[in-house]
Amino acid sequence: MPKAIKRKQKMPKKFSVKSGDKSASGGLTAKGVKRYRAANPGSKLKTAVTTKPSKLKPGSKAAKRRKSFCARMSGMPGPMKKPNGKPTRKALALRKWNC
(Lines give C-alpha, C1' and ligand atoms only; values in the text may rest on other atoms or scores of the structure.)
Protein backbone atom coordinates (compact mmCIF):
# COMPACT_ATOMS: atom_id res chain seq x y z
CA MET A 1 0.00 0.00 0.00
CA PRO A 2 1.31 3.47 -0.81
CA LYS A 3 2.09 5.84 2.02
CA ALA A 4 -0.60 8.33 2.89
CA ILE A 5 0.29 11.71 1.52
CA LYS A 6 0.09 14.49 4.07
CA ARG A 7 -1.41 17.64 2.69
CA LYS A 8 0.29 20.77 3.81
CA GLN A 9 -2.38 23.17 5.03
CA LYS A 10 -2.08 26.74 3.86
CA MET A 11 -2.57 29.60 6.23
CA PRO A 12 -5.39 31.91 5.28
CA LYS A 13 -4.30 35.11 3.52
CA LYS A 14 -3.51 37.87 5.98
CA PHE A 15 -5.15 38.30 9.34
CA SER A 16 -6.01 41.96 9.82
CA VAL A 17 -7.92 44.26 12.12
CA LYS A 18 -9.86 45.53 9.09
CA SER A 19 -11.11 42.03 8.18
CA GLY A 20 -12.19 41.45 11.79
CA ASP A 21 -9.66 38.65 12.43
CA LYS A 22 -7.45 40.67 14.77
CA SER A 23 -8.70 42.79 17.61
CA ALA A 24 -7.57 46.42 17.66
CA SER A 25 -6.96 45.93 21.40
CA GLY A 26 -4.62 42.96 20.80
CA GLY A 27 -4.92 39.28 19.93
CA LEU A 28 -7.26 37.43 17.61
CA THR A 29 -11.03 37.73 17.64
CA ALA A 30 -13.33 34.71 17.73
CA LYS A 31 -13.67 35.10 13.96
CA GLY A 32 -9.87 35.04 13.54
CA VAL A 33 -9.54 31.92 15.70
CA LYS A 34 -12.30 30.20 13.72
CA ARG A 35 -10.52 31.07 10.47
CA TYR A 36 -7.16 29.80 11.79
CA ARG A 37 -8.69 26.53 13.00
CA ALA A 38 -10.41 25.99 9.63
CA ALA A 39 -7.02 26.31 7.91
CA ASN A 40 -5.27 24.12 10.51
CA PRO A 41 -7.43 21.09 11.39
CA GLY A 42 -6.66 19.67 14.80
CA SER A 43 -5.57 23.06 16.14
CA LYS A 44 -6.52 23.88 19.72
CA LEU A 45 -6.10 27.64 19.41
CA LYS A 46 -8.42 29.58 21.71
CA THR A 47 -9.22 33.24 22.28
CA ALA A 48 -7.59 35.23 25.10
CA VAL A 49 -8.45 34.85 28.77
CA THR A 50 -9.58 38.42 29.36
CA THR A 51 -11.10 37.87 32.80
CA LYS A 52 -9.38 39.86 35.53
CA PRO A 53 -7.03 37.67 37.61
CA SER A 54 -8.95 38.58 40.79
CA LYS A 55 -12.13 37.12 39.25
CA LEU A 56 -10.46 33.84 38.19
CA LYS A 57 -10.50 30.91 40.58
CA PRO A 58 -6.84 30.19 41.47
CA GLY A 59 -5.67 26.96 39.85
CA SER A 60 -8.55 26.84 37.35
CA LYS A 61 -7.85 25.97 33.70
CA ALA A 62 -8.31 29.59 32.63
CA ALA A 63 -6.04 30.89 35.41
CA LYS A 64 -3.31 28.39 34.49
CA ARG A 65 -3.62 29.23 30.79
CA ARG A 66 -3.38 32.94 31.51
CA LYS A 67 -0.37 32.48 33.80
CA SER A 68 1.39 30.32 31.23
CA PHE A 69 0.73 32.80 28.41
CA CYS A 70 1.96 35.72 30.51
CA ALA A 71 5.14 33.87 31.49
CA ARG A 72 5.93 32.96 27.86
CA MET A 73 4.94 36.24 26.26
CA SER A 74 6.56 38.50 28.86
CA GLY A 75 9.93 36.96 28.03
CA MET A 76 9.61 37.63 24.30
CA PRO A 77 12.25 39.92 22.84
CA GLY A 78 11.22 43.10 21.12
CA PRO A 79 10.01 46.57 21.97
CA MET A 80 6.75 47.42 23.68
CA LYS A 81 6.37 50.64 21.70
CA LYS A 82 6.67 51.45 18.02
CA PRO A 83 8.86 54.39 16.97
CA ASN A 84 5.70 56.53 16.69
CA GLY A 85 4.91 55.85 20.37
CA LYS A 86 2.00 53.46 19.79
CA PRO A 87 2.07 50.06 21.56
CA THR A 88 3.18 47.01 19.57
CA ARG A 89 0.96 43.95 19.06
CA LYS A 90 3.00 42.27 21.83
CA ALA A 91 2.18 45.07 24.29
CA LEU A 92 -1.49 44.99 23.30
CA ALA A 93 -1.69 41.21 23.80
CA LEU A 94 -0.05 41.42 27.25
CA ARG A 95 -2.49 44.14 28.26
CA LYS A 96 -5.47 42.15 26.98
CA TRP A 97 -4.42 39.07 28.98
CA ASN A 98 -3.92 41.25 32.12
CA CYS A 99 -0.22 40.35 32.36
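So, here's what we can say about the structure.

### Observations concerning the layout of surface pockets
The space that makes up the largest pocket amounts to roughly 320 Å³. Looking at which element gives the most residues to the lining of the largest pocket, the answer is helix 3 (residues 89–96), with four residues. Within the lining of the largest pocket, the residues separate by chemical class into eight nonpolar, three polar and six charged.

### Details of unusual backbone geometry
Most of the time, phi is negative for any residue but glycine, and the peptide bond is trans. Positioned with a positive phi, N98 is a non-glycine residue whose angle comes to about 60°. Inspection of the secondary structure assignment puts N98 in the segment after helix 3. Of the residues examined, N98 reaches a relative accessible area of 26% and is grouped as partly exposed.

### Regarding the packing of helix 2 (residues 61–74) against helix 3
The relative placement of two packed helices comes down to the angle between their axes together with the axis-to-axis distance. Where helix 2 contacts helix 3, the axes come no closer than 10 Å and their chain directions differ by 155°. On the basis of their axis angle, the class for helix 2 and helix 3 is roughly antiparallel. Relative to helix 3, the crossing made by helix 2 is left-handed. Each of F69, M73 and S74 in helix 2 lies in contact with helix 3, whose residues at this interface are K90, A93 and L94.

### Thoughts on the environment of K52
Inspection of the secondary structure puts K52 in the loop between helix 1 (30–39) and helix 2. As a C-alpha pair, K52 and R66 span 14 residues in sequence and 10.0 Å in three-dimensional space.

### Quick look at the nonpolar core
One finds V49, L56, A63, F69, C70, M73, A93, L94 and W97 forming the largest nonpolar core, which totals nine residues. Those elements that place two or more of their residues in this core are helix 2 and helix 3. Among the elements that line this core, the one with the most residues is helix 2, at four residues. Residues in contact with F69, not counting those within four places in the same chain, are S74, A93, W97 and C99.

### Regarding helix 3
Of the residues making up helix 3, those classed as buried are K90, A91, L92, A93 and L94. Check the buried side of helix 3 and you find it contacts helix 2. Looking at the residues trailing helix 3, positive phi occurs at N98, about 60°.

Criteria and cut-off values
- Residues numbered from 1 in each chain as written.
- Predicted model: local features only at pLDDT ≥ 70, side-chain atom pairs only at ≥ 80, totals over all residues.
- Heavy atoms only, no water.
- 1 Å grid on protein atoms, 1.4 Å probe; cavity = no way out; pocket = protein on both sides within 12 Å on 5 of 7 lines; lining within 4 Å.
- Points joined across faces, edges and corners; volume = space filled by probe spheres on them.
- Helix = DSSP H or I, 4+ residues; strand = E, 2+ residues; numbered from the N terminus.
- Nonpolar A, V, L, I, M, F, W, Y, C, P; charged D, E, K, R; others polar.
- Buried < 20%, exposed > 50% of the residue type's maximum accessible area, 1.4 Å probe, protein only.
- Axes fitted to C-alpha atoms, helices over the stretch in contact; angles between N-to-C directions.
- Parallel < 35°, antiparallel > 145°, perpendicular 65-115°, else oblique.
- Left-handed = near helix turned anticlockwise from the far one by under 90°.
- Contact = heavy atoms within 4.5 Å.
- Core = buried A, V, L, I, M, F, W, Y, C linked by side-chain atoms within 4.5 Å.

Limitation: the analysis is restricted to geometry and does not speak to function.
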